[in-house]
Each structure stands twice: as C-alpha cells, then as structure tokens.
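Listed below, chain by chain, are the residues.
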Amino acid sequence: MSTGAEARTPAPQCPVAFPLRRPGRPFPPPEYAQYRAGSGPVRSELPSGTVWLVTRHEDVRAVLTDPRISADPSRPGFPKASRTGGAPSQYEVPGWFVAMDPPEHGRFRKTLIPEFTVRKVRELRPAIQQIVDERIDAMLAAGTSADLVESFALPVPSLVISRLLGVPRADRDFFEDRTRVLVRLSSTDEERDKATQALLRYLGRLIQIKQRRPGDDLISRLIATDTLSRQELSGVSMLLLIAGHETTANNIGLGVVQLLANPQWIGDDRIVEELLRYYSVADLVAFRVAVEDVEVGGRLIRAGEGVVPLLAAANHDDTVFAAPRDFDPERSARSHVAFGYGVHQCLGQNLVRVEMEIAYRTLFARLPSLALAVPVEELSLKYDGVLFGLHELPVTWK
C-alpha cells in the first residue's frame, strides 16, 4: 500500500459493472486480470455508493490489515453487493463478530480461538470420519447415482458443525434452508430478516436448554466462559453455524469436479491448499469501507467510500502464482487469501482443511469408479450467491 502523494493516479472516468459473473468454470471473471493490469483499484457504483474493487494480491492483503478501512457495516458508505442484504450490524445481530473492528472484534476472537486450534480440530477427526463414512454408506444403500451436493458435500460439513455446536441432527434442514436465503443475492430484506429472526429464536431456545443442561459442545463451553451475553452468544452461534457448513460444502463439491478431471492428484495431501486458492469460493465476503482517506495501490480512496478486496482476483494474481489458471498442487499456495487475511482471517480454516481432506480421501477410496453424470458444462453453478459453488452435482458409480 502506497503512502506518498506522488503515487496517486487519476480515477477511471467511468465506473465498471459489479458484481461480475464467473465465466462458467472456476476462474474469476476475466475483467479481474484487466483490473490488475491497470493503475490500481477500479471504481464501481453500488446502491450504497462508490466502491473500489481491489484485485492485486499485495493490495488485497494491505486493505485487510489497514485500520483505516473498516469491516463495520453500520459505517456510512459501507457497500452492499445488491439492493438488499449485506453483512448485519451489531444492532441487528449482536455477536456477528466478523463485522466488527478491533478492539471489540478481538474480544470475541479471543474467546473462540481455543475451539479451533490445530490440536482441537485433530480431536474431531474421528467424528468427521464417521460422518463422511455414514454419508457414503447412505449413498451406496440408495443405488449407483446421486446428487453429490445434496447427499454428501452439504450434509458432511452441516453435520460436523452441528455436532461441534451441539445442534440436533434433526434440525439440519431447518438451518440449511434459512442459510440459503441469507447467502442468495436476490433475497429481499423481508426474506432475510425472517430467516435471521427464525435462526436467532431457534438458537436462543437452544442456549436456554444448554444453560440448564450443558453438554460436551461448543455452545455449552461458551456459556461456561461467561464472557458473552445471551444475545451475543446467539449471534456467534448463528455465524458459526452458517459459515461452518456453506463455504465448506461449496469447496467440497467443486473440488470433486476438479479431481475427477485430474485423477492423478487424488490422494495427494497438497490438493486442499491448491483447491482453496483455485476456486476462492468466498470472493465476495470481505466488503469494507474507508473511515479515513487512504491510498491503496496508488489510488486515493476517500473516507466513506466502499472497498471490496476481491479474494479470487488476488488468488489468481500471476505476479504471485505462476500460471494461476492451472490446477497445480505442487505449487506453494499457502500465501493465498481464500480465508481472508489479518485479524479477520477465517477462524475455522483448520476445520475446513481437515473436512476437505477426509472427504476427498474417503470418497475416492470407497467409490473409485465415481464419475460425473452430465458434461461439466451442464453443471448448475451458483451465480446468484455471495459464495460460489454448485447447486447440484449429479454423479454415478459402478
């Protein structure tokens, strides 16, 4: 990030369109490469006002660590990807800590970090393996074909986060349905508010039950810390419940498609990191707003203007990742920003990695004849969503 006035360049004359549609396959919109080759962040206009699209790897990491750029959606000018929705403020969902700035964000992060360490996630491996095996058992019992999203990619992380939080398995359909409303760009404010309130009411009742009868689960342990109010605990639980299954489900489904096309990499421990970089399913989640005038990539961004660090653009920056459109697990991909960067880097990244690793290894070991049931060009992709992924993944096996 530049700091000197001599680095400033004039803003583009015309705002560009945004959000942009991915071109049918995993690659980011081709416009991202054009923006990276230009003179810094590119201006666009959203219903919330002016927004700057940041595409270079260096600039994205700088934006995500600059204290002059806020994650708080209650700030004037905070961008929205559509006319409705956007990240909830603390007035709407107390405890939605990814939409907080330091130092308040750190209070929540400090409480939650012990639950997502490498050691803690390692202890969950047997439970994750059991869930994966159960889902494959159910697929095999049902025949020789399935929608892998519905039968495997979605239920695996959904059941894992349910077990971690202490949410009954029987309630999975309820929270998956509400989550779909919240991550769909076309949902109305009324639909989102209804889904949010339904989830918060449900979690509030669950917290009351666990206050009387605590169990061996994350919600019970958070109650025992006595560091969060009941409203904050409901918001934290809702965030973990949504983030803990939707992003991982998209990663698992897309990863299976990639491995079917590149079977030589099946079983390689390095595939997970490259798949995270390659697909960057959470490209549109890190919206920000400048709270002071700040320079990014030689461009002056005024206080009150939106900033969108595009994670997929950064992860396909050819100055950092050679031939970024190539799927190459041999590359060093650890510098990707698929989980964000800085203080807001995804808290559950260790869990995501383990779920993906176990899912791929077990699925291909138990179903070595797995194949797509339709041409890859006919797969139904999530264009109307904050997260990129597959609506369905028809597969067959012998």
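Per chain, residue numbering runs from 1 following the sequence as it is written. The model is predicted, so local features are restricted to residues of pLDDT at least 70 and side-chain atom pairs to those at 80 or more, both for listing and for counting; the totals for chains, interfaces and linings are taken over all residues. Based on all heavy atoms of the structure, the side-chain values leave hydrogens and waters out of the count.

A. The overall build of the protein chain, seen in detail. Scanning the protein chain from terminus to terminus reveals 14 helices and 10 strands. We take the radius of gyration over the C-alpha atoms and set the globule estimate at 2.2 Å times the residue count to the 0.38 power. Rg of the C-alpha trace for the protein chain: 21 Å, near the compact-globule value of 21 Å for 398 residues, within the 12% margin. In terms of its C-alpha atoms, the protein chain occupies a principal-axis envelope of roughly 65 × 50 × 40 Å. Using a 1.4 Å probe on the protein chains alone, a residue whose accessible area is under 20% of its type maximum counts as buried, one over 50% counts as exposed, and one in between counts as partly exposed. A buried classification covers 55% of the 398 residues belonging to the protein chain. Contacts were defined at the residue level, with two residues in contact if any of their heavy atoms lie within 4.5 Å. Residue pairs in contact within the protein chain that sit at least 24 positions apart in sequence constitute 73% of those at least 6 positions apart. Only runs of H or I of at least four residues qualify as helices and only runs of E of at least two qualify as strands under DSSP, and these elements are numbered from the N terminus.

B. Up close: helix H14 (residues 349–366). Expected helix span is computed as 1.5 Å times (number of residues minus one). Taking 1.5 Å per residue as the helical rise, H14 with its 18 residues ought to reach 26 Å, and the 26 Å between its terminal C-alpha atoms agrees with that figure. Counting buried positions over the 18 residues of H14 gives 13, a clear majority of the element.

C. Layout of the packing of helix H11 (residues 230–261) against helix H12 (residues 271–279). Look at H11 against H12: their axes get within 10 Å of each other, and the N-to-C directions meet at 105°. The angle between the axes of H11 and H12 places the two elements in the roughly perpendicular class. Across from Asn251, Leu254, Gly255, Gln258 and Leu259 in H11, the residues of H12 making contact are Ile271, Leu275, Leu276, Tyr278 and Tyr279. Under the scheme applied, nonpolar residues are Ala, Val, Leu, Ile, Met, Phe, Trp, Tyr, Cys and Pro; charged residues are Asp, Glu, Lys and Arg; polar residues are all the others, including Gly. Along the lines of polarity and charge, the residues of the contact of H11 with H12 split into seven nonpolar, three polar and no charged. Interaxial angles span 0 to 180 degrees and are taken between N-to-C directions of axes, which are lines fitted to C-alpha atoms, for helices over the stretch in contact. If an angle is under 35 degrees, it is roughly parallel; if it is over 145, roughly antiparallel; if it lies from 65 to 115, roughly perpendicular; otherwise it is oblique.

D. Representation of the sheet that holds strand E4 (residues 145–147). Between any two strands, at least two bridges found by DSSP are needed for them to pair. Reading across the sheet, the three strands line up as E4-E10-E9 and stay open at both edges, with antiparallel pairing between neighbours. Looking at the sheet topology across the chains shown, the edges are occupied by E4 and strand E9 (371–372). Taken together, the two bridges between E9 and strand E10 (residues 394–396) define a ladder with antiparallel strand orientation. When the sheet's bridge partners are listed, Ala371 is paired in E10 with Thr396.

E. Expanded view of the packing of aromatic side chains. We call Phe, Tyr and Trp rings a pair once their centres come within 6.5 Å, taking the six-membered ring for Trp, and we label the pair stacked below 30 degrees between planes, edge-to-face above 60, and tilted otherwise. A full pass over the atoms with the stated rule returns five aromatic pairs. Judged by centre distance (6.4 Å) and plane angle (40°), the rings of Phe18 and Phe287 are tilted. Taken together, the positions of Phe18 in the segment before helix H1 (31–36) and Phe287 in the loop between H12 and strand E5 (288–290) put the pair 269 residues apart, joining distant regions of the chain. Residue Phe287 is classed as buried on the basis of its relative accessible area of 8%. Judged by centre distance (5.6 Å) and plane angle (70°), the ring pair of Tyr278 and Phe327 falls under edge-to-face.

F. Local environment of the nonpolar core. Take the buried residues of types Ala, Val, Leu, Ile, Met, Phe, Trp, Tyr and Cys, join any two whose side-chain atoms come within 4.5 Å, and each joined set is a nonpolar core. Phe152, Met238, Tyr360 and Leu393 are the most contacted members of the largest nonpolar core, which totals 86 residues. The element best represented in this core is H11, accounting for 13 residues. Setting aside anything within four residues of it in sequence, one finds Tyr360 in contact with Asn251, Ile252, Gly255, Val256, Leu259, Ile271, Val272 and Leu275. Formed by 17 residues, the second largest nonpolar core is a distinct cluster that contains Leu46, Ala81, Leu185 and Val308.

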